[in-house]
Amino acid sequence: MRMYDVIEKKRDGKELSYDEISYFINNYCNDLIPDYQVAALLMAIFLNGMSERETADLTEIMANSGDVIDLSAIDGIKVDKHSTGGVGDKTTLVVGPIVAACGVPVAKMSGRGLGHTGGTIDKLESIPGLKTALSKEEFIENVNRIGISVAGQTGNLAPADKKIYALRDVTATVNSIPLIASSIMSKKIACGADRIVLDVKTGSGAFMKTLEKSEELARCMVKIGNNLGKKTVAIVTDMDIPLGNAIGNSLEVIEAIDTLKGNGPKDLEEVSLCLAAKMLELAGIGDESYCKQRAREVLENGQALEKFAQMIERQGGIPDVIEDYDLFKKPRHMYEFTSEQDCCIEKIRTDMLGISSMILGAGRETKESAIDYSAGIKLYKKTGMSVKKGELIATLYSDDTEKINQALETLKKSLVLGDSVEPQRPLILSYVE
Ligand code: URA
């Protein structure tokens, strides 16, 4: 087989066979095919798409390019959850403990933030002492003992995706539905769960800006999962507005703890309960209405909060953070941004708000950048709300005053102010089963 022929076939809009996809992935991983040929193939895929069968084959081959986690030492049906990424999206920190408190094992591998979106592992590492680099044995032992563990992905999880994603990033080929879907699903399949719930975000803070495209991505991922024998369901949820009020690592952990105490923002609670109930349903503990009721029960009776405390302790963190938020690192500086006029928040460019938080130090501009765990934004006014002159819109936190000045400019640009507001769409937009 020659790479030239594979490129030519896809350039002409034809379907690649399993063997052709396997040839290009495996030889690229072994450095036997140069970047420029794979870049040409990726562009041909970007322009001509892939069939359902090709997308499932690509996913399976990328999933098998490295470690595939074996979770068979954990009893019960393991259900994973994945968000396509957003701003202020800390649902895993709420959903994981709820599901575990209902007796369904949560063995979850999560990623770090990149660009304007945050990542669960960075958030968890803002808890003093907490370790996310767990050996496979520790990870499984934690789930068997307390029902939950959230660990960082091992270095060798779907290495083909890592290599191809880096090339897509510099060849304008990221934004292709079969490439995004196979990239996400290859890592999910390699993580070893039996069933998968996907939270596909849509709107200005998401990868996919329109509902139509988000639903297309959701359908593509659900088909891949089901074709590869993992029952998969997607819920498309709003990311036109940040979820909750906190953006930034320790700020988000505190907000998740507040939610587990029943005092969190209602939007975060609603999306978390919906995802948790769907995970419980996929785990087979009951029908939709029973699972919703169970999820709410363990949230209200404190069992989910207790589960989160157990997880923190088991992973080496200080569980006292649950009661004493002063144990988190404190930022050296803060700035209160108030309104100069009476107005309404008509719209938020949520991706820019994520960038503002990243500038403060909460995210990485490059993979090597260090994170300031206490940096971020508390947003008090969101889309659809009116603001009085002098009222607080947001507080910015950072160790560096120059970063606060820069982030403030971006934050101001992210807010579209006006005189009136439109009714907001629901948070849960659709289910793809
Ligand atoms: N997240 C991924 O893991 N891969 C993509 O291609 C896009 C988002």
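The structure this text deals with has already been given above.
Since we're looking at a predicted model, the values are computed, not measured.

**Here we look at the packing of helix α8 (residues 159-169) against helix α9 (residues 177-190)**
Phase 1 of the analysis: Interaxial distance between α8 and α9 falls to 10 Å at its minimum, and their mutual angle equals 150°. In terms of orientation, α8 and α9 fall into the roughly antiparallel class. Regarding α8 and α9, the two cross each other, and that crossing is left-handed. Along its contact with α8, which presents Asp161, Tyr165 and Arg168, the element α9 presents Leu179, Ile180, Ser183, Ser186 and Lys187.
Phase 2 of the analysis: Per-class residue counts for the contact of α8 with α9 are three nonpolar, two polar and three charged.

**Overview of the sheet that holds strand β8 (residues 343-348)**
In a beta sheet, neighbouring strands pair by backbone hydrogen bonds and run either parallel or antiparallel.
Phase 1 of the analysis: Across the sheet, three strands lie side by side as β10-β8-β12; this open sheet has antiparallel pairing. The open sheet has two edge strands with one neighbour each: β10 (386-387) and β12 (415-418).
Phase 2 of the analysis: Where β8 and β12 come together, four bridges link them in antiparallel fashion. Residue Lys347 lies in a different strand from β12, and its bridge partner there is Val416.
Phase 3 of the analysis: Against the sheet, helix α16 (residues 401-414) makes contact with β8 and β12, and its axis sits at roughly 50° relative to β12, the strand it touches most.

**A short note on the pattern of salt bridges**
Phase 1 of the analysis: For the structure on display, the rule yields 38 salt bridges.
Phase 2 of the analysis: A salt bridge links Arg314 to Glu141; the shortest N-O distance between them is 3.9 Å. Within this pair, whereas Arg314 is found in helix α14 (residues 303-314), its partner Glu141 is found in helix α7 (residues 136-146), the two being separated by 173 residues in sequence.
Phase 3 of the analysis: On the basis of relative accessible area, Arg314 is assigned to the partly exposed category, the value being 35%.
Phase 4 of the analysis: With its nearest N and O atoms 3.0 Å apart, the salt bridge here joins Lys278 to Glu433. With Lys278 in helix α12 (residues 266-282) and Glu433 in the segment after β13 (428-432), the pair connects residues that are 155 residues apart, well separated along the chain.
Phase 5 of the analysis: Under the relative-accessibility criterion, Lys278 is labelled buried at 6%.
Phase 6 of the analysis: Shared partners join several salt bridges into a network, and the residues in it are Arg112, Asp122, Glu125 and Arg364.

Scoring rules and cut-offs
- Residues numbered from 1 in each chain as written.
- Predicted model: local features only at pLDDT ≥ 70, side-chain atom pairs only at ≥ 80, totals over all residues.
- Heavy atoms only, no water.
- Axes fitted to C-alpha atoms, helices over the stretch in contact; angles between N-to-C directions.
- Helix = DSSP H or I, 4+ residues; strand = E, 2+ residues; numbered from the N terminus.
- Parallel < 35°, antiparallel > 145°, perpendicular 65-115°, else oblique.
- Left-handed = near helix turned anticlockwise from the far one by under 90°.
- Contact = heavy atoms within 4.5 Å.
- Nonpolar A, V, L, I, M, F, W, Y, C, P; charged D, E, K, R; others polar.
- Pairing = 2+ DSSP bridges.
- Salt bridge = Lys/Arg side-chain N within 4 Å of Asp/Glu carboxyl O.
- Buried < 20%, exposed > 50% of the residue type's maximum accessible area, 1.4 Å probe, protein only.

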